[in-house]
Amino acid sequence: MTFRTCGVFGLAAIVIAAVTPPVPAQQVIEIPAEDRPLGAAFEEVFRIGAIAGESWEMLGTVRSVAFDGAGNLYVFDGTGGVGGPWVDPRVLVYDPSGAFVREFGRSGEGPGEFNAAVSMEVMRDGTVAVGDVGHRAYQIFDGSGAFLRMVRMGMEAFALLIPSQAAIDPRGNGVYAIPSRGQAAMAGGPDAPEPVSRPILRLDLEGEDVTVDTVAEGWLPPPPATADGVVPGVVVEGRPVTFAALGLGQSTVFEPEVVMAVLPGGQVAYSDSSAYSLRIAGDADAPVGRTITRPFQPERVTPAIEEAEKQRMLARRQALGGRGRTRMIEVRGADGSVQSTSYELPEPAFFPELSVIHAMSATWEGRIWVQRRGEYPETGGPIDVLTPEGGYVGTFPAGTALPRAFGPGGLAAFIELDEMDVATVVVRRLPPAVR
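For every chain, the first residue of the written sequence is number 1, and numbering continues from 1 along that sequence. Reporting in this predicted model follows two pLDDT cut-offs: at least 70 for local features of residues, and 80 or more for side-chain atom pairs to be given and counted; totals over whole chains, interfaces and linings ignore these cut-offs and use all residues. Values shown for side chains rest on all heavy atoms present in the structure; no hydrogens or waters enter the calculation.

A. A look at the pattern of salt bridges. Between Lys or Arg on one side and Asp or Glu on the other, a salt bridge is scored when a side-chain nitrogen of the former is within 4 Å of a carboxyl oxygen of the latter. Enumeration over the complete set of coordinates arrives at 19 salt bridges. Taking the shortest distance from any N to any O, the salt bridge between D35 and R372 comes out at 3.2 Å. In this pair, D35 sits in the loop between β2 (27-30) and β3 (43-48) while R372 sits in strand β27 (residues 368-373), placing the two residues 337 residues apart along the sequence. As a salt-bridge pair, R202 and D204 come within 3.3 Å of each other at their nearest N and O atoms. Throughout, exposure labels follow a simple rule: accessible area from a 1.4 Å probe, protein chains only, divided by the maximum for the residue type, with under 20% read as buried, over 50% as exposed, and the rest as partly exposed. You can call R202 buried: its relative accessible area is 13%. A run of H or I in DSSP counts as a helix once it spans at least four residues, and a run of E counts as a strand once it spans at least two, with each numbered from the N terminus.

Below, the structure is given as structure tokens:
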């Protein structure tokens, strides 16, 4: 694997060694705080999902959805519960009217077979890239579902197959990815220097091995007071193993995430702090130095919120089979030996604010949808529709779902879950003003 920015020294080294060109005087565009209401009654085109019927009608665990340039809908589906194994992955394809077209993909270890597939990205020409952890590669399929090739990730970028956020490059042959803090540590390796930012990366999928470019470097909050520490009693190749090297380092609860929206020309709008602030990054055609803001203040994290979040974290661990604050891990050495240990989770550290921005995405025509945070706990609030130039279209009310995928001609796909968590994919058409 080749890292264009700094050789093969891992992800953390990419961030440090990236050369940042001089940035012109920053242009700040502030949108007034008063919302301009938008109606959210979108025209329904079709829906996929049934309790009984043909196999292509009955969905299991829908991981992602996407459109190609012809308006065909792709559904990445499988079976398995939250936190459990995800089996029988498949890609389902429907035409713009919702008629079933084809299905491809099956579990296995050979080329074109899924061995712990975790993600799907669809290019405008119908090419499909499936992130496959078992193969340590993106598997590439053509518009008919025929297997073409693998793009190998290599050990340094293995963790990038499961980023905290990913999106296809609209120009093709590339995926934008935001690694989490733990993934960055894993990709950097034990000898990599500490990262100084949180990168947005572009993974180039044209060759046999992935190449990685740093598109933007988001702000990296300071680590929590509780250090990542050393895994007790575990030594590999004569050196103690740190929790951070295993991707288990503790992050600050409510730490602002880096979220992004990829624009039609390949530029990226992103937010990296608790404030309402969007930056634009990308190639020479991007409005470099532009920042879009709104005068909304982050909500302070109170002792009551901290206690409520501790209880939620404990309930999630217990629901997934955990035992309170104790965790068991296994570490495999280079010689194949396995060492097991248990450790007590430290008390969580809290960021002092709840971020204003909850999530972001962009339409095929270039509108940026920015979802503000709703009420605690994690909920989506109102959705602002902006242009990359800083224009303000309006705001959808709280309760409006952020589409899981945008498509051509104003198409948008939503995933709805019933009381049994059975998924239905609903395709709607957006009015021209917000596309």
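B. Representation of the environment of I178 within the structure. Mapped onto the secondary structure, I178 falls in strand β13 (residues 174-178). The sequence separation of I178 and A216 amounts to 38 residues, and the corresponding C-alpha distance is 10.0 Å.

C. A look at the side chain of D384. Within the secondary structure, D384 is located in strand β28 (residues 380-386). In this structure D384 comes out as buried when scored by relative accessible area, which is 0%. Within polar-contact distance, the side chain of D384 engages the side chain of R294 at 3.2 Å. Pairs of N or O atoms within 3.5 Å make up the polar contacts considered here, provided that, within protein, one atom can donate a hydrogen while the other can accept it, and that residues adjacent in sequence are counted only when both atoms are side-chain atoms. At 2.8 Å, the side chain of D384 forms a polar contact with the side chain of R372. Once residues lying within four places of it in the same chain are set aside, the contact partners of D384 are D35, Y276, R294, I368, W369, V370, R372, G394 and T395. Contacts are residue-level and defined by heavy atoms, with any inter-residue pair within 4.5 Å sufficient.

D. Molecular detail of the environment of D95. Structurally, D95 is set in the loop between β6 (87-94) and β7 (100-104). Excluding its chain neighbours within four sequence positions, the residues that come into contact with D95 are F46, G71, N72 and V101.

E. Expanded view of the environment of I368. Looking at the secondary structure, you find I368 in strand β27. Given a relative accessible area of 0%, I368 falls into the buried group. A sequence separation of 20 residues divides I368 from P388, and the C-alpha atoms of the two residues are 7.0 Å apart. When neighbours within four sequence positions are excluded, I368 is seen to be in contact with A261, L263, A269, L278, M360, S361, A362, D384, V385, L386, T387 and P388.

F. Here's a closer look at the packing of aromatic side chains. Classification of ring pairs rests on two measures: the distance between centres of Phe, Tyr or Trp rings, Trp counted by its six-membered ring, which must be within 6.5 Å, and the angle between planes, read as stacked under 30 degrees, edge-to-face over 60 and tilted in between. Applying the stated criterion across every chain yields a total of 16 aromatic pairs. Seen from their ring centres, F42 and F414 are 6.3 Å apart, and the 20° between their planes marks the pair as stacked. Linking F42 in the loop between β2 and β3 with F414 in strand β31 (residues 411-417), this pair joins segments that are 372 residues apart in sequence. Of the two residues, F42 and F414, both sit in the buried class. The interplanar angle of 70° and the centroid separation of 6.4 Å between the aromatic rings of W219 and F351 together place this pair among those described as edge-to-face. Here W219 is found in the loop between β15 (211-218) and β16 (230-236), whereas its partner F351 is found in the loop between β24 (338-344) and β25 (353-354), with 132 residues between them in sequence. Classification of W219 as partly exposed rests on a relative accessible area of 38%. With relative accessibility at 15%, the residue F351 sits in the buried group. Aromatic rings pair up to connect F42, W369, F396, F406 and F414 into one cluster. Think of it as a cone above the ring: NZ of Lys or CZ of Arg counts as a charge over the ring if it is within 6 Å of the ring centre and within 35 degrees of the ring normal. Directly above the ring of W364 sits R124, whose terminal nitrogen or CZ lies 3.4 Å from the centroid.

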